[in-house]
Amino acid sequence: MTRYFILMFVLIATALPCRARDFVVEFVEENYMENQEDYARAPMIYHSFQVRSHAGLKILVLTGEHPEYRTWLRRYVAQDKGFIVKVPDDENDLFISSKVYETDVTNVHPFDPATWSMKGSRVFDDKDVSDTQPWIMAGQGHILVLDKNNKRSELIDTVVKRMGYVGMISGDPEVALGIFRNQPEKFKMVIVNYDMPGMGSEAFVDKLLKLDHKIPILVETGYNNEKVKRQYLSKFSGAGTVTVTPVVLNRLQQTIKTLIKPGEETAAQHANG
């Protein structure tokens, strides 16, 4: 019976589709080269886009065949379009941390940023876009989420998107720190789960504050974890921007509204729950 349930679990897990996250990028430059070998039926193709993304400049190396799709995609390049890159969930950190990322050409989808708001409406207005922000920043800003739990980070991202922000999710403190260090001015706040590998969340928060001592940081310590809660309250007692909470999803929307105050410093550190 046990073997039966294990087999069923494996079959179901195998059948589940691979979920992907959409990353908005801005086209900078295309590189395209064909090399026809005498013995080859089809030419060898090197095709890449240099793009701007939330995580800095990147080179997308476009692999795969699909000649018709590739030709169609190249037509959009001449019109200076924007792109959405679909990245599997298990490669999110790889995409964010890499300077060069290989992906099948059919994972790249062009769109016109002048006629499509990232907030969901079809037409931009003066409130959606300003001259001081690139179009990939449409909306009110970015929220960095450091959490290795996929289900919880997805729920956080849902709340973040509903409020009009862009969520940048990572399960690696080093990667998350690199994202923030690259473009700190783009982030409105940071949400951190205490249980993290590598440098750990405490060291992450410490380094984050050294980069920007005004950035609001929400730290989740978990249920019935008073020791960790006291540890963070003591460690960051002098940081008026660090908020400690047992469960980050508890009244998250209201918490975000409270912590993000344009033009104002965040209120003193406190514990929720």
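Because the structure is a prediction, the values reported are computed rather than measured. (Residues numbered from 1 in each chain as written. Predicted model: local features only at pLDDT ≥ 70, side-chain atom pairs only at ≥ 80, totals over all residues. Heavy atoms only, no water.)

**Student:** So what exactly am I meant to see when it comes to the pairing of strand 7 (residues 142-146) here?
**Tutor:** Each regular strand shows side chains that alternate between the opposite faces of the sheet. Of all 5 residues in strand 7, 5 are buried, a share of seventy percent or more. Pairing analysis gives 5 bridges linking strand 7 to strand 8 (residues 166-170), with the strands arranged parallel. Following the sheet pairing, isoleucine 143 is matched in strand 8 by glycine 167. Once the chain exits strand 7 it traverses helix 4 (residues 150-162) before rejoining the sheet at strand 8, and the crossover so formed is right-handed. Summarising the sheet, strand 7 and strand 9 (residues 187-193) pair through 5 bridges and their orientation is parallel. Within the sheet, the bridge partner assigned to valine 145 lies in strand 9 and is isoleucine 191. (Buried < 20%, exposed > 50% of the residue type's maximum accessible area, 1.4 Å probe, protein only. Helix = DSSP H or I, 4+ residues; strand = E, 2+ residues; numbered from the N terminus. Pairing = 2+ DSSP bridges. Right-handed = clockwise from strand over helix to strand, strands pointing away.)

**Student:** Teacher, can you tell me more about the sheet that holds strand 8 here?
**Tutor:** Within a sheet, neighbouring strands are paired by backbone hydrogen bonds and run either parallel or antiparallel to one another. Taken in spatial order, the 5 strands of this open sheet run 8-7-9-10-11, and their pairing is parallel. Edge positions in the open sheet fall to strand 8 and strand 11 (242-245), since each of these has one partner strand only. Looking at each pair of strands side by side, their axes are set apart by 20 degrees on average, direction ignored. Here strand 9 pairs with strand 10 (residues 217-220) via 4 bridges, running parallel. (Axes fitted to C-alpha atoms, helices over the stretch in contact; angles between N-to-C directions.)

**Student:** Mind showing me how you'd approach the pattern of salt bridges here?
**Tutor:** Under the counting rule described, the total for this entry stands at 8 salt bridges. With a shortest N-O distance of 3.5 Å, lysine 148 and aspartate 195 are connected by a salt bridge. Residue lysine 148 is found in the loop between strand 7 and helix 4, and its partner aspartate 195 is found in the loop between strand 9 and helix 6 (200-211); the two are separated by 47 residues along the sequence. By relative accessible area, which is 45% here, lysine 148 ends up partly exposed. When its relative accessible area of 35% is taken as the criterion, aspartate 195 is described as partly exposed. Here glutamate 220 and arginine 152 are joined by a salt bridge, their closest N and O atoms 3.4 Å apart. Of this pair, glutamate 220 sits in strand 10 while arginine 152 sits in helix 4, placing them 68 residues apart in sequence. Taking relative accessible area as the criterion, glutamate 220 reaches 6% and is therefore assigned buried. On the accessibility criterion, arginine 152 (21% relative accessible area) is partly exposed. (Salt bridge = Lys/Arg side-chain N within 4 Å of Asp/Glu carboxyl O.)

**Student:** Can you walk me through the nonpolar core in this structure?
**Tutor:** Most often, soluble globular proteins have nonpolar side chains that are buried together. Phe49, Leu144, Val190, Phe204, Val205, Ile217 and Val242 are the most contacted members of the largest nonpolar core, which totals 44 residues. Of all hydrophobic cores here, the second largest spans 16 residues; its members include Tyr165, Ile191, Leu252 and Ile256. (Core = buried A, V, L, I, M, F, W, Y, C linked by side-chain atoms within 4.5 Å.)

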